[in-house]
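Listed below are the residues making up each chain.
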Amino acid sequence: MNHMHTLHLNKGRESSLLRRHPWIFSGAIARVSGSPAPGDTVRVLDAGGQMLGLAAYSPQSQIRARVWSFVDESIDSAFLRTRLQRAIARRAGLLNDPQRTACRLVYAESDELPGLVVDRYGDYLVCQFMFTGVERWKQEIVQHLHELFPCKGIYERSDAAARNREGLPLSQGVLWGEAPPDIVEINEQGRLYGLSIGHGHKTGFYLDQYTNREAVRRLCQGRRVLNCFAYTGGFGIAALSGGAEHVLNVDSSAPSLELAAANFARNGFTPAQYENLTANVFDVLRDFRQQGRRFDLIVLDPPKFAETKVQFKKAARAYKDIALQASTLLEPGGLLVNFSCSGAIDMPLFQKITADAVLDAGRHGQILHYLHQAEDHPVGLPFPESLYLKGLVSTLD
Ligand code: SAH
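What you are looking at is a predicted structure, and each value in this text was computed from that prediction instead of being measured. (Residues numbered from 1 in each chain as written. Predicted model: local features only at pLDDT ≥ 70, side-chain atom pairs only at ≥ 80, totals over all residues. Heavy atoms only, no water.)

Caption draft 1: Layout of helix H2 (residues 77-90). End to end, H2 covers 20 Å across 14 residues, agreeing with the expected 20 Å (1.5 Å per residue, within 8%). Those residues of H2 not exposed but buried are Phe-79, Leu-80, Arg-83, Leu-84, Ala-87 and Ile-88. Each buried residue of H2 lies within a common arc of 170 degrees when the element is viewed along its axis, so the set occupies one face. Check the buried side of H2 and you find it contacts strand E6 (63-69), strand E7 (102-107), strand E8 (116-121) and helix H4 (138-148). (Helix = DSSP H or I, 4+ residues; strand = E, 2+ residues; numbered from the N terminus. Expected span 1.5 Å × (residues − 1). Buried < 20%, exposed > 50% of the residue type's maximum accessible area, 1.4 Å probe, protein only. Arc of directions from axis to C-beta. Contact = heavy atoms within 4.5 Å.)

Caption draft 2: Expanded view of the nonpolar core. Judged by nonpolar contacts, the single largest core of 43 residues is most densely connected at Tyr-121, Ile-197, Leu-297 and Val-337. With five residues, the single largest contributor to this core is helix H7 (residues 234-241). (Core = buried A, V, L, I, M, F, W, Y, C linked by side-chain atoms within 4.5 Å.)

Caption draft 3: Representation of the pattern of salt bridges in the model. With the rule as written, the count across this model stands at 28 salt bridges. Glu-188 is the salt-bridge partner of Arg-191, the closest N and O atoms lying 2.6 Å from each other. Since its relative accessible area comes to 2%, Arg-191 is described here as buried. Glu-188 gets classed as buried once you look at its relative accessible area, which sits at 3%. Each of the salt bridges in this network shares a partner with another, and the network as a whole consists of Arg-83, Arg-86, Arg-90, Arg-91, Asp-111 and Glu-112. (Salt bridge = Lys/Arg side-chain N within 4 Å of Asp/Glu carboxyl O.)

Caption draft 4: Looking closely at the packing of helix H6 (residues 210-217) against H7. Interhelical geometry of H6 versus H7 gives an angle of 35 degrees and a closest axis separation of 8 Å. Between H6 and H7 lies a crossing of right-handed hand. Seen from H6, the contacting residues are Asn-212, Arg-213, Val-216 and Arg-217; seen from H7, they are Gly-234, Phe-235, Ala-238 and Ser-241. Partitioning the contact of H6 with H7 into residue classes produces three nonpolar, three polar and two charged. (Axes fitted to C-alpha atoms, helices over the stretch in contact; angles between N-to-C directions. Left-handed = near helix turned anticlockwise from the far one by under 90°. Nonpolar A, V, L, I, M, F, W, Y, C, P; charged D, E, K, R; others polar.)

Caption draft 5: The site of the ligand, seen in detail. Surveying the vicinity of the ligand reveals 15 residues, the closest of which are Asp-251, Ser-252, Asn-280, Val-281 and Asp-301. At 2.9 Å, a backbone N or O of Val-281 approaches a nitrogen atom of the ligand. Between Asp-301 and the ligand, the recorded distance is 2.6 Å, taken from a side-chain N or O atom to a nitrogen atom. Across the shell around the ligand, the residue classes break down as eight nonpolar, four polar and three charged. (Near = heavy atom within 4 Å. Polar contact = N/O pair within 3.5 Å; in protein donor to acceptor, adjacent residues only side chain to side chain.)

Caption draft 6: Just the pairing of E6, in detail. Of all seven residues that make up E6, seven are buried, and the element is covered over most of its length. Sheet analysis places strand E2 (residues 23-25) next to E6, joined by three bridges and oriented antiparallel. When the bridges of E6 are listed, Ile-24 appears paired with Ala-65. Bridge analysis of strand E5 (residues 51-57) against E6 gives four bridges, and the strand direction is antiparallel. Its bridge partner lying in E6, Tyr-57 is registered against Ala-65. In textbook terms, the turn of a hairpin is the stretch between consecutive antiparallel strands, and for E5 and E6 this stretch comprises five residues. (Pairing = 2+ DSSP bridges.)

Caption draft 7: Looking closely at the environment of Lys-314. Relative to the assigned elements, Lys-314 resides in helix H10 (residues 312-329). In this structure, the C-alpha to C-alpha distance between Lys-314 and Ile-88, residues 226 residues apart in sequence, is 38 Å.

Caption draft 8: A look at the packing of helix H9 (residues 281-291) against H10. Interhelical geometry of H9 versus H10 gives an angle of 30 degrees and a closest axis separation of 9 Å. Taken together, the axes of H9 and H10 are roughly parallel relative to one another. Viewed along their axes, H9 and H10 form a crossing whose handedness is left-handed. Two secondary-structure elements touch here, H9 through Val-281, Phe-282, Leu-285, Arg-286, Phe-288 and Arg-289 and H10 through Ala-318, Asp-321, Ile-322, Leu-324, Gln-325, Ala-326, Thr-328 and Leu-329. Looking at the contact of H9 with H10 residue by residue, the classes come out as nine nonpolar, two polar and three charged. (Parallel < 35°, antiparallel > 145°, perpendicular 65-115°, else oblique.)

Caption draft 9: Summary view of the sheet that holds strand E15 (residues 246-251). Taken in spatial order, the seven strands of this open sheet run E16-E15-E14-E17-E18-E20-E19, and their pairing is mixed. Looking along the sheet, the strands with just one partner apiece sit at the ends: strand E16 (274-278) and strand E19 (365-372). When strand polarity is set aside, the average angle formed by the axes of neighbouring strands in this sheet is 15 degrees. Relative to E15, strand E14 (residues 224-228) runs parallel, the two sharing five bridges. Residue pairing for E15: Cys-228 is matched across the bridge by Val-250.

Shown next as structure tokens:
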């Protein structure tokens with residue numbers, strides 16, 4: 001006898017699952033049989049009773065279930081261990097490099113572990129459990145992680161708003177082993193960054209910009225750089241490593257810029273080589289325009305302006321505004337490096353926003369490079385939603 005809970009889909013709603021997209025929205029479900037608790041495994045059947053897969057149930061979320069497997073198998077501790085093992089094995093080439101001591105080990109749906117993020121910073125792992133399915137198996141996941149990836153400690157940063165949409169409380173703290181020190185140091189291509197696992201953004205650092213920091217480094221020789229939304233100095237330190245003449249970091253967060261200052265010192269850079277300005281980028285760009293300030297390369301790496309599709313018009317205006325203002329500050333031959341991490345804004349739209357901004361600034365430009373998130377944040381082929389980071393390097397006449 002089968003005691004399992006079952007989701008019966010509406011007619012025609014099986015097509016995305018047949019393409020192995022893992023999300024089942026509430027509107028796709030005709031009825032639920034059994035009484036699954038949050039995180040319980042449910043069988044998913046199409047309108048004709050055909051089995052489509054096994055999913056974890058999340059009664060409070062619009063995404064009512066996320067698929068664990070598209071074949072009939074046991075969803076248990078051993079299953080999770082295999083999935084974790086596979087995610088780590090995919091990154092084998094990235095994990096033994098003394099000049100890359102930080103890396104995302106698990107990237108959620110793209111690694112067939114919906115809602116789970118695991119980042120490695122040196123001897124510590126930091127996890128985010130953003131879905132009831134992985135929350136239900138937290139203990140097992142933590143146990144497997146330190147067996148599969150020996151480390152000193154595993155820390156949880158499940159404090160993002162997405163938890164609330166799942167009906168889960170925010171949660172932070174040590175899950176296993178030692179608590180990380182206040183500042184953990186990582187090596188990124190010979191550059192050193194100190195980060196705070198307990199207080200930093202996301203899990204502590206923007207690992208997704210790894211390849212893009214390298215792209216910027218290679219463009220900076222002899223240039224005066226304006227690094228907007230500087231956080232803890234990621235692009236600024238890459239710029240000086242690449243021979244930039246000077247870097248001006250702007251961020252509204254004083255604690256982030258304090259960490260940035262420590263990071264510049266950590267890499268042997270002196271206060272003569274950079275300046276930190278605690279201010280709102282929108283104001284600073286306008287002030288600089290009035291003052292006639294000029295730069296040779298400007299990085300714009302703002303926070304996500306659009307959380308959802310609904311906010312996307314407002315976000316598009318904000319991306320355009322900063323790109324326009326920055327364009328007026330660039331010398332002829334200057335480089336604009338602008339990013340969007342809003343999933344709701346795709347590359348063609350971001351390119352159009354940037355083109356309009358440059359045009360309105362009275363400049364002419366060419367795109368030299370299209371940038372995306374680093375390879376440890378892969379895009380699952382059936383899950384294009386996971387491509388969220390876009391960037392353009394444009395040269396302006
Ligand atoms: N470029 C960084 C990450 C930037 S995260 C890196 O590669 O590490 C976005 C940053 O923008 C955060 O540090 C946040 O404090 C800052 N920020 C958000 N809104 C801002 C605003 N209006 N003006 C200045 N900084 C802002």
